[in-house]
Amino acid sequence: MTAEAARGLYIHIPYCRSKCGYCDLTSYTDAWGTLPAYLDALPREAARYAGCAVDTVYIGGGTPSCLRLGDIARLMEVMRRVFRIAEDAEISIEANPNSLDGEKAREFFGAGINRLSLGLQATQGELLRKIGRTHTYADFLRALEAAQAAGFSNISADLMYSLPTQSVAAAEESAEKLSALPVTHISAYALRLERGTPLFGAPQPDDDTDRAMFYAMMARFREAGFARYEISNFAKKGYACRHNLKYWRGEEYVGLGVAAHSCFQVVRYGNTASIENYLSKVAAGVSATVQREAAEPVTEALMLKTRLVEGIPLGELPRGRRAGSFLQKLLQTSYARVQDGAFCLTDHGMDLHNSIVVELLEYAEQAPDENFSDGNFGQKHCESPSCRV
């Protein structure tokens with residue numbers, strides 16, 4: 001990547017009014033007194049990247065929509081002074097349904113934010129309460145209406161499945177209701193309960209039910225015109241999230257704020273997760289980074305690009321007889337296909353993404369076999385009827 005190539009910009013807002021029962025993200029419900037200092041610190045950290053060209057911005061959290069009226073508009077104003085944000089940039093913000101009203105929606109849209117991500121998770125009130133969500137489906141519908149009235153036409157919504165006590169029918173009902181609404185993008189995530197969260201240890205649907213939920217939901221999405229473009233993400237044509245595509249394609253991005261991560265000039269680094277530590281470091285004019293390592297393009301390409309329906313270019317696959325045999329097996333068993341010069345996992349191949357990547361990483365560590373030809377591999381297997389899945 002050249003110095004002039006546009007990067008992504010992520011801004012972390014670590015404040016929440018309440019913590020969901022499954023959440024292990026860096027967010028705080030008891031640190032609101034630090035908010036003014038935090039909003040002052042973000043531009044000071046951003047100054048390290050002054051003049052950097054940006055064509056996607058993502059304001060995440062936490063709950064950015066919980067900030068005071070005017071905070072986000074002021075934040076965007078200063079970021080435009082620090083960064084060279086493209087005129088056609090995709091600028092996203094996350095919001096909870098019960099903290100987005102018409103006034104805030106108008107503020108966000110007026111500040112140049114053109115993509116809204118609403119956290120729904122489920123349409124059934126009982127399930128929402130069980131996982132610690134403080135909004136209702138009616139709240140979501142009101143927030144969606146407010147967003148549209150403010151001018152938003154690019155609206156994403158999140159769903160979760162494999163929730164405690166959730167049935168396949170309930171997951172499918174949520175998918176059907178959401179896909180019929182005026183949204184352009186849907187993220188559907190399987191709930192993974194992490195140690196230390198209130199819900200850890202709660203019984204969840206078994207693996208077969210988990211897959212039945214996902215495929216029932218995916219069928220509803222596709223019927224409504226949403227195409228799968230990543231393991232957990234679906235979009236109407238032209239509405240795939242450009243910012244997240246930067247992560248999955250291995251492009252560079254800058255992260256600002258507590259626990260934010262960056263991939264900048266072929267180096268990956270992450271900020272401290274402590275608000276107090278972050279504020280003190282920025283105030284002292286020193287980096288808030290607590291971890292730093294060189295990017296590993298081969299490893300990261302195998303882990304990230306294989307998540308995409310567009311796949312990974314054939315030239316970025318491990319080279320060797322054992323790797324070739326494994327890749328051939330995936331093609332012959334319809335877990336993958338070759339398309340447009342890329343190796344692409346099918347829907348069922350994505351079900352096994354983790355195990356497939358682990359094996360590919362093992363082959364990537366071996367010495368390449370000069371007799372292995374990427375071009376011949378792609379040509380040979382594209383001609384196989386078993387690859388057309």
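Residues numbered from 1 in each chain as written. Predicted model: local features only at pLDDT ≥ 70, side-chain atom pairs only at ≥ 80, totals over all residues. Heavy atoms only, no water.

Quick rundown of the overall build of the chain? Include the residues and the values.
Along its length, the chain carries 14 helices and 15 strands. Whereas a compact globule of 389 residues would reach a radius of gyration of roughly 21 Å, the chain reaches 22 Å, a difference of no more than 12%. Within the chain, the proportion of its 389 residues that are buried is 54%. Within the chain, residue pairs in contact and separated by at least 24 positions form 73% of the contacts whose partners lie at least 6 positions apart. Summed over all atoms, the accessible surface of the chain reaches about 17300 Å², with 50% contributed by carbon and sulfur. (Helix = DSSP H or I, 4+ residues; strand = E, 2+ residues; numbered from the N terminus. Rg over C-alpha atoms; globule rule 2.2 N^0.38 Å. Buried < 20%, exposed > 50% of the residue type's maximum accessible area, 1.4 Å probe, protein only. Contact = heavy atoms within 4.5 Å. Areas by Shrake-Rupley, 256 points an atom, 1.4 Å probe, with all protein chains shown as cover.)

Can you break down the nonpolar core residue by residue, with the values?
Counting residues in hydrophobic clusters, the biggest one holds 75 residues, and the most contacted among them are Ile11, Leu42, Phe83 and Leu256. By size, the runner-up hydrophobic cluster in this structure holds 19 residues, among which are Ala301, Ile312, Leu331 and Ile356. (Core = buried A, V, L, I, M, F, W, Y, C linked by side-chain atoms within 4.5 Å.)

Could you give an account of the sheet that holds strand E14 (residues 336-339), with specific residues and numbers?
Overall, antiparallel pairing links the three strands, which are arranged E13-E15-E14 in an open sheet. Edge strands, defined here as strands with exactly one partner in the open sheet, are strand E13 (312-313) and E14. Across four bridges, E14 lies against strand E15 (residues 342-345) in antiparallel orientation. By the bridge assignment for E15, Ala336 is matched with Leu345. (Pairing = 2+ DSSP bridges.)

Could you give an account of the state of the cysteines, naming the residues involved and the relevant values?
Applying the stated criterion across every chain, the model contains zero disulfides. Of all cysteine sulfurs in the structure, the one in Cys16 sits closest to Cys66, which takes part in no disulfide; the separation is 6.4 Å. According to the relative accessible area criterion, Cys66 is buried, its value standing at 10%. (Disulfide = S-S within 2.5 Å.)

Can you tell me about the environment of Val267, naming the residues and giving the values?
By the element assignment, Val267 lies in strand E11 (residues 267-271). Sequence-wise, Val267 and Ala89 are 178 residues apart; in three dimensions their C-alpha atoms are separated by 24 Å. Once you skip the residues sitting within four places of it in the chain, Val267 turns out to touch Ser262, Arg292, Glu293 and Ala295.

Provide a residue-level description of the confidence of the model for the chain, including the pertinent values.
Per-chain confidence: the chain averages 93 in pLDDT, with 93% of residues scoring 70 or above. Within the model, the stretch residues 378-389 combines pLDDT values under 50 with 19 contacts to residues more than four positions away or in other chains. (pLDDT = per-residue confidence, 0-100.)

Give a description of the pairing of E15 that names residues and reports values.
Neither face of E15 is open: one carries Ala342 and Cys344, the other Phe343 and Leu345, and all of them are buried. Linkage of E14 to E15, two consecutive antiparallel strands, is achieved through a turn of two residues, within which Asp340 is found at a positive phi near 50°.

Account for helix H1 (residues 35-46), with residues named and values stated.
The first and last C-alpha atoms of H1 sit 17 Å apart over 12 residues, in line with the 16 Å expected at 1.5 Å per residue. Those residues of H1 that sit buried are Leu35, Tyr38, Leu39, Ala41, Leu42, Pro43, Glu45 and Ala46. Looking at the buried positions of H1, the neighbouring elements they touch are strand E1 (7-13), helix H2 (71-82), strand E9 (253-256), E11 and helix H9 (275-283). (Expected span 1.5 Å × (residues − 1).)

Give me the packing of aromatic side chains: which residues, what numbers.
Counted by the stated rule, this structure contains 14 aromatic pairs. Each ring, one from Tyr38 and one from Tyr278, has its centre 5.4 Å from the other, and the planes form 45°; the classification is tilted. Of this pair, Tyr38 sits in helix H1 while Tyr278 sits in helix H9, and the two are 240 residues apart along the sequence. Its relative accessible area of 0% is what places Tyr38 among the buried residues. Overall, the relative accessible area of 0% leaves Tyr278 in the buried class. Ring geometry for Phe109 versus Phe152: centroids 5.2 Å apart, planes at 70°, classification edge-to-face. Of this pair, Phe109 sits in helix H3 (residues 102-110) while Phe152 is found in the loop between helix H5 (137-150) and strand E5 (155-161), placing the two residues 43 residues apart along the sequence. Against the face of Trp32 rests Arg17, its NZ or CZ located 3.8 Å from the ring centre. Its guanidinium or amino end placed over the ring of Tyr269, Arg292 lies 4.8 Å from that ring's centre, counting from NZ or CZ. (Phe/Tyr/Trp six-rings, centres within 6.5 Å; stacked < 30°, edge-to-face > 60°. Lys NZ or Arg CZ within 6 Å of the ring centre and 35° of its normal.)

Which residues make up the pairing of strand E10 (residues 261-264), and what values go with them?
Bridge count for E10 against E11 is four bridges, and the pairing is antiparallel. Bridge pairing links Phe264 to Val267 in E11.

Go over unusual backbone geometry, please, and point to the residues and values.
Here the amide bond leading from Gly61 into Gly62 is cis, since omega sits at 20°, within 30 degrees of zero. Positionally, Gly62 belongs in the loop between strand E2 (53-61) and H2. One non-glycine residue with positive phi stands out, namely Gln265, at about 55°. With respect to the helices and strands, Gln265 occurs in the loop between E10 and E11. Gln265 sits in the exposed class, given a relative accessible area of 52%.

Give me the packing of H1 against H2: which residues, what numbers.
Orientation of H1 relative to H2, taken along the N-to-C sense of each, is 15°, at an axis distance of 9 Å. Our classification of the angle between H1 and H2 gives roughly parallel. Between H1 and H2 the crossing geometry is right-handed. Along the contact surface, H1 presents Leu35, Leu39, Leu42, Pro43 and Ala46, while H2 presents Asp71, Leu75, Val78, Met79 and Val82. (Axes fitted to C-alpha atoms, helices over the stretch in contact; angles between N-to-C directions. Parallel < 35°, antiparallel > 145°, perpendicular 65-115°, else oblique. Left-handed = near helix turned anticlockwise from the far one by under 90°.)

Kindly report on the pattern of salt bridges, identifying the contributing residues and their values.
All chains considered together, the criterion is met by 21 salt bridges. A salt bridge links Lys246 to Asp55; its shortest N-O distance comes to 3.0 Å. Note that Lys246 is positioned in helix H8 (residues 242-248) and Asp55 in strand E2, a separation of 191 residues in sequence. For the pair formed by Lys246 and Asp55, the shared burial category is buried. Linking Glu310 and Arg249 is a salt bridge whose minimum nitrogen-to-oxygen distance equals 2.8 Å. Note that Glu310 is positioned in the loop between helix H10 (297-304) and E13 and Arg249 in the loop between H8 and E9, a separation of 61 residues in sequence. Given a relative accessible area of 39%, Glu310 falls into the partly exposed group. Residue classification places Arg249 among the partly exposed residues on the basis of a relative accessible area of 33%. (Salt bridge = Lys/Arg side-chain N within 4 Å of Asp/Glu carboxyl O.)

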